[in-house]
Amino acid sequence: MMRSMFSGVAGLRTHQSKMDVIGNNIANVNTVGYKTQNVTFTDVFYQTVQAASGPNAETGKGGTNAKQIGIGSALGTIATNVSKQGGMQATDNPFDVMINGDEFFIVSDGQSNYFTKAGNFNVDEAGNLVNGSGMTVMGWQVNDDGDIIKSRVTALKVMGGDKSSAPPEKTTQTHMTGNLNQKDDAFLVSAVKDQYVSYTMEFYDSQGYLYSSTWHVKKVIEDDGGIYYTMNLYDIMDQNGKVVSKAEEVEVDGSKQYNYLNAGTTDGATTINIRFNNTTEPIESAQNATPSYSIAPGEILSISTGTAVPSKDGTPYSGDFAQTIDIEALVKNGVLKDGEPKITDAPLSLRGQKIEIDFAQMTNYGSKSNLECPRGDVDGYNRGKAAGKLSSLAISDDGKVVGNYTNGDIITLGQIAVTSFANPAGLQKMGNNLFAATMNSGSFDGIGMDVTTNGDSLTTGVLEMSNVDLAYEFTEMITTQRGFQANSRIITTSDTMLEELINLKR
């Protein structure tokens, strides 16, 4: 009877422990990244009344089994169900991240690394990506070329310092688009010398300052009726409207003309000449007797500098419809507003700057004349950009933290690293949604892994919630309560039996 009472006590203890675990699971039903725990029991403390014996061939007596009396139960395991993923909760916060897989985020308190499924991150005052407890999120940094360096993980700094701005970039390439209408009244006709179509080309210097240059486009009619166009640079102004360089105005026979700025082309010519193909059929250029490309009617036939224009007959067309201008030379060869003397030295930010202008997209159709030189780094042209400020952050599905800047730059600032374990159930819970590695979970190598290595990914704007199943927990609660109740009955029944035994004396 004493054994039965001890068995009942052991049963009460184990069921109480299981109830504690169930209560903790239910309490964390809405905890971000929480992993549910399950309890199993094991039987213990067997008292052997009689050992087992084998059959006796001499006497013919058969064998007997052992006679054992158990003395209760004990906790077998408290297992954490790490592999079951919790539900997805949308938050629309770009710093809330969920792992679609078995990996863990890596966070650090500055001394030790911990692991978590809770991806509710934010940025602290120093610009570090941190979790709700202020621990830094660990990942990989970028080198000067913007490439991820997958070495030992360090704290991810995504704002502040050199990450708060994007460097400017000087213009090295651009292109002119639009149409030149031969019959546009704005062009040169008969003896009028100052009629032209103007357009503005904007560009950036090495410090990100914006300049604008004005070009005059004139139509030239040849003796045989052929037509070509000249392009001359009139002035260059800074972003405050101050004239940096300007063509000189002169009077010739009572007519105003300009000594245009030297276009700074490779052959030193002042003028860029444009000839269009105005035939009704495409022309194929001949180079080594092999057609290199065809030119449709209205498209550019040739680009040249100086006064000589390639002949339509017998001259192979190279198809190079671009000219490079030297900004530094243009500034130095111009005159300033109100007759001020010429500049002897170009501003430091313009030193050595050359811009290649591509004219291949121009046409010579009968529609309205409309010239434009777009700016912005698109279509394969490096049109330059001003310095930019960080406007927003985003996290991609492979964990890269990307900054969007006001000048249009999109720069990778780092990558969130994750890690996995051979036995994730062997991790030790540390509170605050954190796990620590143990001897039975496997160790962390200090480097981590890309979340896409195993075909997994990150999802931003959502969080992984608790994987607690309330229906299961309530069912377990009922069976645990009944088990506890039954074990308490063992004690009261054993007590009654002892009372009867004592009453025998009466």
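Small disclaimer: the values here were computed from a predicted structure and weren't measured.

## Examining the overall build of the protein chain
Assigned secondary structure in the protein chain consists of three helices and 37 strands. Counting over 506 residues, the protein chain shows a buried share of 41%. Intrachain contacts of the protein chain at a sequence separation of at least 6 include 65% that bridge at least 24 residues. For the protein chain, the exposed surface amounts to about 26200 Å²; the carbon and sulfur share of it is 49%.

## A closer look at unusual backbone geometry
Not every positive phi belongs to a glycine, and asparagine 432 is a case in point at roughly 55°. Of note, asparagine 432 is situated in the loop between strand E34 (428–431) and strand E35 (434–436). Classification of asparagine 432 by relative accessible area gives exposed; the value is 59%. The phi dihedral of asparagine 433 is positive, around 65°, even though this residue is not glycine. Residue placement: asparagine 433 occurs in the loop between E34 and E35.

## Quick look at the side chain of serine 7
On the secondary structure map, serine 7 appears in helix H1 (residues 2–27). Contacts of serine 7, omitting those with residues within four sequence positions, involve Gly70, Ile71, Gly72 and Asn487.

## Let's talk about the confidence of the model for the protein chain
Residues at a pLDDT of 70 or more form 87% of the protein chain, whose mean pLDDT is 84. Scored below 50 in pLDDT, residues 188–192 makes four contacts in the model with residues more than four places away or belonging to other chains. Per-residue pLDDT stays below 50 along residues 285–292; that stretch engages in ten contacts with residues further than four places along the chain or on separate chains.

## Structural notes on H1
With 26 residues, H1 should cover 38 Å at 1.5 Å per step; its first-to-last C-alpha distance of 37 Å lies within 8% of that length. Looking at H1, one finds that the buried residues are Met5, Ser7, Gly8, Ala10, Gly11, Leu12, Thr14, His15, Lys18, Val21, Ile22 and Asn25.

## Re empty space enclosed by the protein
Enumeration according to the criterion identifies one cavity of 30 Å³ or more in this entry. By volume, the largest cavity amounts to about 50 Å³. Along its surface, the largest cavity is lined by Lys18, Val21, Ile22, Asn25, Gln37, Asn38, Val39, Tyr472, Glu473 and Glu476. Looking at the lining of the largest cavity, the elements that each hand over two or more residues are H1, strand E1 (37–43) and helix H3 (470–503). Sort the elements by how many residues they give to the lining of the largest cavity and H1 lands first, with four residues. Residues of the lining of the largest cavity, tallied by class, amount to four nonpolar, three polar and three charged.

## Here we look at the pairing of strand E25 (residues 300–305)
Counting buried positions along E25 gives six out of six residues, so the element sits mostly inside the fold. Across five bridges, strand E22 (residues 272–276) lies against E25 in antiparallel orientation. Within the sheet, the bridge partner assigned to isoleucine 272 lies in E25 and is threonine 305.

## Topic: the pattern of salt bridges
By the definition in use, this model includes seven salt bridges. Between aspartate 450 and lysine 150 there is a salt bridge, with its nearest N and O atoms 3.5 Å apart. Here aspartate 450, found in the loop between E35 and strand E36 (457–460), pairs with lysine 150, found in strand E12 (residues 148–155); they are 300 residues apart in sequence, far enough to count as distant. We classify lysine 150 as partly exposed; its relative accessible area is 49%. Here glutamate 169 ties to lysine 385 by a salt bridge, and the two come within 4.0 Å at their closest N and O atoms. Of this pair, glutamate 169 sits in the loop between strand E13 (165–166) and strand E14 (173–175) while lysine 385 sits in the loop between strand E29 (370–372) and strand E30 (388–395), placing them 216 residues apart in sequence. Classification of lysine 385 as buried rests on a relative accessible area of 11%. What emerges from the salt-bridge pattern is a single network uniting Glu169, Lys385 and Asp409.

## Things to note about the pairing of strand E26 (residues 322–326)
The buried fraction of E26 amounts to four of the five residues, a majority that puts the element mostly inside the structure. With five bridges connecting them, E26 and strand E27 (residues 354–358) associate as antiparallel partners. Following the sheet pairing, isoleucine 325 is matched in E27 by isoleucine 355.

## Quick notes on the sheet that holds strand E15 (residues 177–179)
With mixed pairing, three strands are arranged side by side in an open sheet as E28-E15-E29. Lying at the two open borders of the sheet, with one neighbouring strand each, are strand E28 (362–363) and E29. Pairing geometry for E15 and E28, over two bridges, is parallel. For glycine 178, the partnering residue across the bridge sits in E28 and is methionine 362.

## Digging into the layout of surface pockets
Here the second largest pocket defines a volume of roughly 270 Å³. If you trace the second largest pocket, you find 15 residues lining it, with Val142, Asn143, Asp162, Lys163 and Ile411 closest to the centre. For the lining of the second largest pocket, the secondary-structure elements that each account for two or more residues are strand E11 (136–142), E13 and strand E32 (410–416). The element best represented in the lining of the second largest pocket is E32, accounting for three residues. Residue composition of the lining of the second largest pocket, grouped by class: six nonpolar, five polar and four charged.

## Points about the sheet that holds E14
The strand order across the open sheet built from three strands is E14-E27-E26, with neighbouring strands paired in mixed fashion. Two strands in the sheet have a free side with no partner beyond their single neighbour: E14 and E26. Pairs of neighbouring strands in the sheet enclose a mean axial angle of 25°, with direction left out of account.

## A look at H3
A rise of 1.5 Å per residue sets the reference length of H3, with its 34 residues, at 50 Å; its end C-alpha atoms lie 49 Å apart and thus fit the reference within 8%. Of the surrounding secondary structure, the elements contacted by the buried residues of H3 are H1.

Rules behind the numbers
- Every chain is numbered on its own, with residues counted from 1 as its sequence reads.
- Given that the model is predicted, a residue must reach a pLDDT of at least 70 before its local features are reported, and side-chain atom pairs must reach 80 or more before they are shown or counted; all residues, however, enter totals for whole chains, interfaces and linings.
- Hydrogens and waters are ignored; side-chain quantities use all the structure's heavy atoms.
- The numbering of helices and of strands both runs from the N terminus, where a helix is a DSSP run of H or I of at least 4 residues and a strand a run of E of at least 2.
- A 1.4 Å probe rolled over the protein chains alone gives each residue an accessible area, and that area as a share of the maximum for its type sets the label: buried under 20%, exposed over 50%, partly exposed in between.
- Every residue pair with non-hydrogen atoms within 4.5 Å of one another is taken to be in contact.
- The Shrake-Rupley method, run with a 1.4 Å probe, gives the accessible areas here. Residue values count only the displayed protein chains as cover.
- pLDDT expresses, on a scale from 0 to 100, how confident the predictor is about each individual residue.
- An expected span of 1.5 Å times one less than the residue number is assigned to each helix.
- A pocket here means an open set of points on a 1 Å grid, computed over the protein atoms alone, that has protein on both sides within 12 Å along at least five of seven lines. A cavity is instead a set of points where a 1.4 Å probe fits but cannot get out; residues with an atom within 4 Å of a point line either one.
- Grid points are joined across faces, edges and corners, and a volume is the space filled by probe spheres set on the points.
- Each residue gets one label: Ala, Val, Leu, Ile, Met, Phe, Trp, Tyr, Cys and Pro are nonpolar, Asp, Glu, Lys and Arg are charged, and the others, such as Gly, are polar.
- A pair of strands is labelled paired if DSSP reports no fewer than 2 bridges between them.
- Salt bridges are defined by distance alone: a side-chain nitrogen of Lys or Arg within 4 Å of a carboxyl oxygen of Asp or Glu.
- A fitted line through C-alpha atoms represents every axis, and for helices the fit uses only the stretch in contact; the resulting angles, taken between N-to-C directions, go from 0 to 180 degrees.

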